[in-house]
Amino acid sequence: MESMIETLPDQFRWAAGLRVPEVPGARSAVVCGMGGSGISGDVAAAVADGPVFVHKDFGLPPWVPSLSEPIVVAVSYSGNTEETLSAVESAREAGLPIAAVSSGGRLSELAADEGWPLIRVPGGLQPRAAFGYLAGSVVQMIEAAGLAEDTGLDEAASITATLLGDGLRGPGRQLADDLAEELAGRIAVIMGSGLTAVAAYRWKTQINENAKSPAFVSVLPEADHNEVEGWTTLGTALRRTVGVVMLRDDSEPPAVGARFQPTARLLGVGATIVGEVWAQGTSRLARLASLTAIGDLVSLRLARAAGVDPVAVDAIQQLKQTLGDS
Ligand code: PA5
């Protein structure tokens, strides 16, 4: 898995150099996908200049056909994910334009048969280890549809290359080591807002899948209206159990930035505040990618500390087999 994370800058470079297929112009988009593929939709929504909605479920919400000139972008690494194929079927029934991102499977077959724009990403990886390919391709689709002005892919490649360094010996390593040392054995709560909430969700899912550990996301400013209350009666009981990491961004609105530390003080009654990680870069994608790279490293360090195999996802595979979704 380490080697897969090492390729993140190259994946963004690959996406930056893509020959993007012709995509119908759109005034809105709905990105459909699950798990390691579905996060590409969250990334695209954070990077886009126009309205991009994310759908992680079967079918489509009933309001999608009423959107202004929508395009449905289906993203599935395997191409066989039940929910994503069901969303595609609903889009097809509604006569909506569809574009696809996949490494193969049924989604690629459908796209080829129907003549939908398709970006085929390299196969043979775990979906979550293809983050740069998948998110980069979806962002390219969104740009080609006219919903983003600048993908930020080149900067995302260079910033992650600097952070990870050759053989993961870059400046991000020490930061990840320090955070992982504090988080090891604890349940992680990753706090973010706006763009950094997307990164927080990626941290959570990487800790879940790589380190096989529960992890949760706390989103500001909403958490200040409910969640903070939930920590007040814990006393110090959970300090050893829960660790909080805050993901910050220089461009967060000042009103949001002002809430992190007071919120952390409230959470700090019951949990250990592990630290803050600041986004780097100029473009939205680069800032998001910089936080993602650190989170990916942290999840690997946690896997090592827990003595678990970061690659295997037996529970997910078992569930997919039980449900006939392979
Ligand atoms: O990380 C994983 O393996 C999962 O989260 C998958 O990405 C998810 O189950 C969806 O599968 P796919 O990415 O092939 O559409």
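Basis of the calculations
- Residues numbered from 1 in each chain as written.
- Predicted model: local features only at pLDDT ≥ 70, side-chain atom pairs only at ≥ 80, totals over all residues.
- Heavy atoms only, no water.
- Domains from an automatic or database assignment.
- Contact = heavy atoms within 4.5 Å.
- Buried area = accessible area lost by both parts, 1.4 Å probe.
- Salt bridge = Lys/Arg side-chain N within 4 Å of Asp/Glu carboxyl O.
- Polar contact = N/O pair within 3.5 Å; in protein donor to acceptor, adjacent residues only side chain to side chain.
- Helix = DSSP H or I, 4+ residues; strand = E, 2+ residues; numbered from the N terminus.
- Nonpolar A, V, L, I, M, F, W, Y, C, P; charged D, E, K, R; others polar.
- Near = heavy atom within 4 Å.
- Areas by Shrake-Rupley, 256 points an atom, 1.4 Å probe, with all protein chains shown as cover.
- Pairing = 2+ DSSP bridges.
- Axes fitted to C-alpha atoms, helices over the stretch in contact; angles between N-to-C directions.
- Core = buried A, V, L, I, M, F, W, Y, C linked by side-chain atoms within 4.5 Å.
- Buried < 20%, exposed > 50% of the residue type's maximum accessible area, 1.4 Å probe, protein only.
- Phe/Tyr/Trp six-rings, centres within 6.5 Å; stacked < 30°, edge-to-face > 60°.
- Lys NZ or Arg CZ within 6 Å of the ring centre and 35° of its normal.
- Parallel < 35°, antiparallel > 145°, perpendicular 65-115°, else oblique.
- Left-handed = near helix turned anticlockwise from the far one by under 90°.
- Expected span 1.5 Å × (residues − 1).

Asks: Is there a simple way to explain the domain arrangement of the protein chain in this structure?
Replies: Where the parts come together, the accessible area they lose is often given as the size of the interface. Once the domains are mapped, the protein chain shows domain 1 (2-151) and domain 2 (155-306). For domain 1 and domain 2, the distance between their C-alpha centres works out to 26 Å. Between domain 1 and domain 2, the residue contacts involve 19 residues of the former and 25 residues of the latter. Here domain 1 packs against domain 2, burying approximately 2100 Å² in sum over the two surfaces, 66% of which is carbon and sulfur. On the surface where domain 1 and domain 2 come into contact, there are two salt bridges. The shortest N-O distance in the salt bridge between Asp 49 and Arg 284 comes to 2.8 Å. Summed over the shared surface of domain 1 and domain 2, the number is five residue pairs in polar contact (both at pLDDT 80 or more). Elements that contribute at least two residues to the side of domain 1 that touches domain 2 include exactly helix 1 (2-6), helix 2 (8-16) and helix 3 (35-47). Ranked by residue count, the leading element in the side of domain 1 that touches domain 2 is helix 3, at five residues. Residue composition of the side of domain 1 that touches domain 2, by class: 10 nonpolar, one polar and eight charged.

Asks: Would you explain the site of the ligand in this entry?
Replies: As a structural note, the neighbourhood of the ligand is formed by Met 34, Gly 35, Gly 36, Ser 37, Ser 76, Tyr 77, Ser 78, Thr 81, Pro 127, Glu 209 and Lys 320. Ser 37 is positioned such that a nitrogen or oxygen atom in its side chain is 2.5 Å from an oxygen atom of the ligand. Computed on the free molecule, the ligand has an accessible area of 380 Å², of which 92% lies beneath the protein chains in the complex. Per-element accounting of the shell around the ligand gives the leading share, three residues, to helix 3.

Asks: Explanation requested: the sheet that holds strand 8 (residues 242-248) in the structure shown.
Replies: Picture the strands of a sheet paired through backbone hydrogen bonds; they go either parallel or antiparallel. Ordered by their spatial adjacency, four strands build an open sheet running 7-6-8-9, and the pairing between neighbours is parallel. Pairing within the sheet leaves two strands with one partner each, and these edge strands are strand 7 (215-219) and strand 9 (272-278). For this sheet the average axis-to-axis angle between neighbouring strands, irrespective of direction, equals 20°. In this sheet, strand 8 lies alongside strand 6 (residues 187-192) in parallel orientation, the contact comprising five bridges. Bridged to Ile 187 within strand 8 is Val 242. Sheet strands touched by helix 11 (residues 254-267): strand 6, strand 8 and strand 9. Its angle to strand 8, the strand with the most contacts, is close to 175°.

Asks: Explain the nonpolar core here, please?
Replies: Nonpolar side chains tend to gather and get buried jointly when the protein is soluble and globular. Counting residues in hydrophobic clusters, the biggest one holds 72 residues, and the most contacted among them are Phe 12, Val 43, Ile 142, Trp 203, Leu 247 and Val 298. The dominant element in this core, judged by the number of residues it contributes, is helix 12 (residues 284-306), at 11 residues. Residues lining this core come from more than one domain, with at least three contributed by each of domain 1 (2-151) and domain 2 (155-306). Residue contacts for Val 298: discarding those within four places in its chain leaves Ala 176, Leu 179, Ala 180, Leu 183 and Trp 203. One finds Val 64, Leu 67, Val 72 and Trp 116 within the second-largest nonpolar core, a separate group that totals 17 residues.

Asks: Sorry, what's going on with the packing of aromatic side chains here?
Replies: Given two aromatic rings, one states the distance between the centres and the angle between the planes to describe the pair. A full pass over the atoms with the stated rule returns three aromatic pairs. With 6.3 Å between their ring centres and 85° between their planes, Phe 12 and Phe 131 make a pair best called edge-to-face. Linking Phe 12 in helix 2 with Phe 131 in helix 6 (residues 131-144), this pair joins segments that are 119 residues apart in sequence. In this structure Phe 12 comes out as buried when scored by relative accessible area, which is 0%. Between the aromatic rings of Trp 14 and Tyr 133, the centroid separation amounts to 5.0 Å while the plane-to-plane angle is 80°, which identifies the pairing as edge-to-face. One end of the pair, Trp 14, is in helix 2; the other, Tyr 133, is in helix 6, with 119 residues separating them in the sequence. The aromatic ring of Phe 216 is capped on one face by Lys 204, whose charged end is 5.9 Å from the ring centroid.

Asks: Explain the packing of helix 2 against helix 6 to me, please; I cannot follow it from the model alone.
Replies: The axes of two packed helices give the description: the angle between them and the distance between them. For the pair helix 2 and helix 6, interaxial distance at closest approach is 8 Å and the crossing angle is 25°. The orientation of helix 2 with respect to helix 6, classified from their angle, is roughly parallel. Judged by the sense of rotation from one axis to the other, the crossing of helix 2 with helix 6 is right-handed. On the side of helix 2, the interface is formed by Leu 8, Gln 11, Phe 12, Trp 14, Ala 15 and Ala 16, while helix 6 contributes Phe 131, Gly 132, Tyr 133, Gly 136, Ser 137 and Gln 140. Its residues placed into classes, the contact of helix 2 with helix 6 shows seven nonpolar, five polar and no charged.

Asks: Is there a simple way to explain helix 7 (residues 153-164) in this structure?
Replies: The α-helix winds at 3.6 residues per turn, so residues separated by three or four positions along the chain end up facing the same way. Here helix 7 is 12 residues long and its end C-alpha atoms lie 16 Å apart, about the 16 Å a rise of 1.5 Å per residue gives. Three or more residues of helix 7 are buried, namely Leu 153, Ala 156, Ala 157, Ile 159, Thr 160, Leu 163 and Leu 164. Next to the buried residues of helix 7 lie helix 1, helix 2, helix 6, helix 8 (172-183) and helix 12.

Asks: Help me understand the pattern of salt bridges, please; the structure alone is not making it clear to me.
Replies: A side chain with one charge may pair with a side chain of the opposite charge, provided their charged atoms come close. Tallying each qualifying case throughout the model produces 15 salt bridges. Linking Asp 10 and Arg 13 is a salt bridge whose minimum nitrogen-to-oxygen distance equals 2.5 Å. Residue Asp 10 and its partner Arg 13 are both found in helix 2; the two are separated by three residues, about one turn of the helix. On the basis of relative accessible area, Arg 13 is assigned to the partly exposed category, the value being 42%. A salt bridge links Lys 56 to Asp 42; the nearest nitrogen and oxygen atoms lie 2.6 Å apart. Of this pair, Lys 56 sits in the loop between strand 2 (52-55) and strand 3 (70-76) while Asp 42 is found in helix 3, placing the two residues 14 residues apart along the sequence. Residue classification places Lys 56 among the partly exposed positions, given a relative accessible area of 31%. A relative accessible area of 19% means that Asp 42 is categorised as buried.

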